[in-house]
Amino acid sequence: MKEVVSDVVVIGAGPAGAVASALLVQRGWTVSVVERQEFPRFSIGESLLPQCMEFLAAANMLDAVQDAGFQFKNGAAFEWDGARTAFDFSDKFSPGPGTTFQVQRADFDKVLADEAEKQGAKIYYRHGIREAEIDASGARLVAECDGEEVVFRGRFALDASGFGRVLPRLLDLDRPSPFPARESVFTHVQDNIDDADLDRDKILITVHPRLRDIWYWLIPFSGGRASLGVVGDREKIAALGKEPQQILRNAVEAAPELAKTLRNAEFDTPVQRISGYASDVSALTGPGFALLGNAGEFLDPVFSSGVTIAMKSAVLAADCLDRDLCGEKVDWHSEFAKPLKHGVDVFKTYVTAWYDGRFQDVIFYQTEQKEIKRMICSILAGYAWDKKNPFVAAAERRLNTLVEICAAG
Ligand SMILES: Cc1cc2nc3c(=O)[nH]c(=O)nc-3n(C[C@H](O)[C@H](O)[C@H](O)COP(=O)(O)OP(=O)(O)OC[C@H]3O[C@@H](n4cnc5c(N)ncnc54)[C@H](O)[C@@H]3O)c2cc1C
């Protein structure tokens, strides 16, 4: 049986795995990345947040991303029953980049994985992990490639397997998410948009005119294409039609402004559906391993936070692991899991408030209070770990106060 030995084994070469492995090889560690698929491959999660540009810079991947020709992004626009509002990410409270990109993930993830390889990570494509033995002395992971078994050994394992959730399944760490099972139905279109009101530099989030817990994304790409999706409670989405194509078409028809924007769109790509993606775990770390990105907790697509959280987890874990491998005593709970969870919980507060309508009321409220808008804008731009922002430091309390102000106004 073939055996591969390195300091660290990373499961999955998506954004979390690529960033973590680049950061570790930069610090002199040998890294094997074990990836089930061949790249490029389709993945969902196409709207990035400016906060993740800092993580790409740390991983020495920013130039490659900037040179790849992705659609520039400078904010988010929201539309509900004729009401429109927009957030310009450069006008935000937190310091840091204010722009980013809207990306086809097949291309984006390939750029990141190639950059990690150029820096020295060794990626084993078409190797799917199916067994894991891990303890404080190290990790032994068994992968399968073309019917052959390959054993990967390392002093530590990082699980960046996304929705594959390899270690949560194998180590029995899965725990139900507090969020109900929602469904997304989505595709790519040749958008042919001639609507002058549509700003291609922003993701457009449209709320269903009557059912406020159903919303749509329109993510313009470069080259005249766009990603389009609808998200909502499983039963409500199922009520829109039988086939995914019909569901998406009917959903768009139900939102007249969006239908107008997309009136010339060519639906030239199969429509996909995914449901029950919200997930959680009992522990983000244990002896010999840590969970990154979606392999840990996944909340919801609404604020495009998934890739940013994935990269944040990679940065935190690489820092802890570097010190751990050097023989330093690292408290993974307080130095990795807790700080990561802080930002994830901030997003969780706003996701909950989106679906119960409170945060939608805030978003569509035309406030004259510029500083408050800049603080909210920071969160929408991904700066959920900036505790100087009162809407991060005391998210629930501050949000509820703001909701009351908006209701009174
Ligand atoms: C409907 C929807 C819309 C979304 N929209 C956005 C958005 O606009 N913006 C955003 O930031 N996020 C979005 N997300 C979230 C985003 O998809 C994820 O958060 C992000 O891709 C997580 O990155 P990751 O590196 O953790 O995992 P992934 O990108 O999923 O990468 C995991 C990798 O692990 C590999 N793998 C899986 N199993 C195994 C195995 N057994 N062995 C080896 N390799 C394995 C996979 O092949 C994959 O390449 C959305 C999610 C959903 C469900």
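(A) Molecular detail of the site of the ligand. Of all residues adjacent to the ligand, which total 37 residues, the nearest are Glu35, Ile44, Ser47, Asn294 and Val307. Taking arginine 41, its side chain carries an N or O atom lying 2.9 Å from an oxygen atom of the ligand. Interatomic distance of 3.4 Å between a backbone N/O atom of glutamate 46 and an oxygen atom of the ligand. Sorting the residues of the shell around the ligand by element identifies helix H1 (15-26), strand E9 (128-135) and helix H9 (306-325) as the ones contributing at least two each. Take the shell around the ligand: its biggest share by element is 3 residues, from H9. Among the residues making up the shell around the ligand, the classes are represented as 16 nonpolar, 16 polar and 5 charged.

(B) Representation of the domain arrangement of the protein within the structure. According to the domain assignment, the protein consists of domain 1 (2-74 + 99-176 + 278-344), domain 2 (182-275) and domain 3 (353-408). Between the C-alpha centres of domain 1 and domain 3 the distance comes to 30 Å. Here domain 1 meets domain 3 over a buried area of about 1,100 Å², counting both sides, of which 69% is carbon and sulfur. Sorting the residues of domain 1 by area buried against domain 3 places Gln51, Phe303 and His342 first, and these three jointly supply 45% of that buried surface. One can count 0 salt bridges joining domain 1 with domain 3. Counting across the interface, domain 1 meets domain 3 through 4 residue pairs in polar contact (both at pLDDT 80 or more). Elements with a minimum of two residues in the side of domain 1 that touches domain 3: helix H2 (51-58), H9 and helix H10 (332-355). The greatest single-element share of the side of domain 1 that touches domain 3, amounting to 5 residues, is contributed by H10. Looking at the side of domain 1 that touches domain 3 residue by residue, the class counts come to 8 nonpolar, 4 polar and 3 charged.

(C) Region of the structure containing the packing of aromatic side chains. Enumeration over the complete set of coordinates arrives at 17 aromatic pairs. Plain terms: the ring middles of tryptophan 215 and tryptophan 217 are 6.2 Å apart, the flat faces sit at 50 degrees to each other, and that makes the pair tilted. As far as burial versus exposure is concerned, tryptophan 215 and tryptophan 217 are alike and both buried. Sitting over the ring of tyrosine 355, arginine 182 keeps its end group 3.4 Å from the ring centre.

(D) Summary view of the pattern of salt bridges. By the definition in use, this model includes 34 salt bridges. For the salt bridge of aspartate 191 with arginine 200, the shortest nitrogen-to-oxygen distance reads 2.7 Å. With relative accessibility at 24%, the residue arginine 200 sits in the partly exposed group. With a shortest N-O distance of 3.0 Å, arginine 374 and glutamate 371 are connected by a salt bridge. In this pair, arginine 374 and glutamate 371 both sit in helix H12 (residues 370-380), 3 residues apart, roughly one turn of the helix. Owing to a relative accessible area of 23%, arginine 374 belongs among the partly exposed residues under this scheme. The network of salt bridges with shared partners includes Arg27, Asp319, Arg323, Glu328 and Glu335.

Rules used throughout
Residues numbered from 1 in each chain as written. Predicted model: local features only at pLDDT ≥ 70, side-chain atom pairs only at ≥ 80, totals over all residues. Heavy atoms only, no water. Near = heavy atom within 4 Å. Polar contact = N/O pair within 3.5 Å; in protein donor to acceptor, adjacent residues only side chain to side chain. Helix = DSSP H or I, 4+ residues; strand = E, 2+ residues; numbered from the N terminus. Nonpolar A, V, L, I, M, F, W, Y, C, P; charged D, E, K, R; others polar. Domains from an automatic or database assignment. Buried area = accessible area lost by both parts, 1.4 Å probe. Salt bridge = Lys/Arg side-chain N within 4 Å of Asp/Glu carboxyl O. Phe/Tyr/Trp six-rings, centres within 6.5 Å; stacked < 30°, edge-to-face > 60°. Buried < 20%, exposed > 50% of the residue type's maximum accessible area, 1.4 Å probe, protein only. Lys NZ or Arg CZ within 6 Å of the ring centre and 35° of its normal.

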